[in-house]
Amino acid sequence: MRPPVAPAGWSRWLVPPAALSVHLSIGQAYAWSVFKPPLESALGLSGTQSALPFQLGIVMLGLSAAFGGTLVERNGPRWAMTVALVCFSSGFLLSSLGAATEQYWLIVFGYGFVGGIGLGIGYISPVSTLIKWFPDRPGMATGIAIMGFGGGALIASPWSAQMLESFGADNDGIAFAFLVHGLAYAVFMTLGVLLIRVPRTQAQQGARPRAQQGERTEEAVVSGPQVSAKQAIRTPQFWCLWVVLTMNVTAGIGILEKAAPMITDFFAGTSTPVSVSAAAGFVALLSAANMAGRIGWSSTSDLIGRKNIYRVYLGVGALMYLLIVLWGDSSKPLFVLCALVILSFYGGGFATIPAYLKDLFGTYQVGAIHGRLLTAWSTAGVLGPLIVNRVADSQESAGKDGASLYGLSLMIMIGLLVVGFVANELVRPVHARHHVVPAPRESADDIDTAAGDRKERA
């Protein structure tokens, strides 16, 4: 499937809505905690078991992004969005069958494995295309798209809660909710598949385009250091950023995956307990912060720099966790505010990382490099929920309840953020020996990895 090339006069501002249609759909993953209590009740699962589909989905997201990154670069965004649509929707349909037949393994396989592939391919599908359209504002451009992934739960959380209330929280109700999700998201993602375009190359234009209102053009010639995906993973900068992303994501995803039961437990013994509907609203509020952080903090990084913004994510994030540990159970506003800030940093970290990669490695194969870096998300997707759920389960077995279920896990998150802060401080410009020589002119509609490797060896 050849990527569709934008005709003359095509507005680059039509590309972000195409990306959003995919990211808003696959962002449903962040609303998984709404399904955890019904699944635990209907199938007799523990908190750790009910987190398995989400964990596997995040693992597959990172792996499919890593292995599929080069294919996405080569085949273009429309091919990638189509693959994402098929896998993500099929995952829900398989999960629906699993819930209806009380076969939990089928939910894990459908939502986690098949749907997780759709998550990974869909997540990276528009990133390099947006950077090519917006070379002057890479942080803002990737933030717009990745904002949709963070904001998906803002729609999915109340929508899922309402369906479970209407259809019932038993096996049949869960199955019907999964079925509706799969069909509705297939329709919505189709809009992105039909709308997406890549910018025309210089050769297709026949002349260098003029800037639009003083901006650099979307077909800008590649300049500065360029590093291939194959060479990037051999640099210490790549692995420093891998650690940074792993630590930031682990710290955020642990709260996000357990958000609904966590706020319920924190205030269960107080005079103002949190209801099920209020907990679902809290999940939606976290999604809003996640979404706002992706566009707000990533756009800020265009002004203050990537390293500085990650200092904020990791340093201030650790402080927010400490406030929750010390006073979170005594003040509901403080708990909610700190959680919102943490989730805004979590989302901002995702949205800023493609621009950070572009700064260090250039635009040559930034999509493929981004895909490889997302293996950090796979690692964090296991670590975050595992730490929070295992600690909570063990503390409950020891007779503890309420906020004491989470104190140890939150202190672990503080330590992880400190590790990420140190890794960010170690990032330096990439040495010239890793650059592609000569620096290639970016092909907007096709990047041939084999040709790139030949240039690197030249």
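Whatever comes next refers back to the structure up there.
We now turn to the structure provided with this report. (Residues numbered from 1 in each chain as written. Predicted model: local features only at pLDDT ≥ 70, side-chain atom pairs only at ≥ 80, totals over all residues. Heavy atoms only, no water.)

Here we look at the environment of S301
Here comes step 1: Tracing the chain through its elements places S301 in helix α14 (residues 276-304).
Here comes step 2: With relative accessibility at 1%, the residue S301 sits in the buried group.
Here comes step 3: Sequence separation between S301 and Y356 is 55 residues; the distance between their C-alpha atoms is 9.1 Å.
Here comes step 4: Contacts of S301, omitting those with residues within four sequence positions, involve G139, R306, I309 and T352.
Here comes step 5: Of the polar contacts made by the side chain of S301, one reaches the side chain of R306; its length is 2.7 Å. (Helix = DSSP H or I, 4+ residues; strand = E, 2+ residues; numbered from the N terminus. Buried < 20%, exposed > 50% of the residue type's maximum accessible area, 1.4 Å probe, protein only. Contact = heavy atoms within 4.5 Å. Polar contact = N/O pair within 3.5 Å; in protein donor to acceptor, adjacent residues only side chain to side chain.)

Some points on the pattern of salt bridges
Here comes step 1: Under the definition given, this model contains six salt bridges.
Here comes step 2: Salt-bridge contacts for R137 lead to D136; the nearest nitrogen and oxygen are separated by 3.8 Å.
Here comes step 3: Exposure remark for R137: the relative accessible area of 30% places this residue in the partly exposed category.
Here comes step 4: Here R306 ties to D302 by a salt bridge, and the two come within 2.8 Å at their closest N and O atoms.
Here comes step 5: On the basis of relative accessibility, which here comes to 9%, the residue R306 falls in the buried class. (Salt bridge = Lys/Arg side-chain N within 4 Å of Asp/Glu carboxyl O.)

What to know about unusual backbone geometry
Only a minority of non-glycine residues have a phi that is not negative, and only a minority of peptide bonds are not trans.
Here comes step 1: Residue E102 is not a glycine yet carries a positive backbone phi of 60°.
Here comes step 2: Note that E102 resides in the loop between α5 (77-100) and α6 (104-124).

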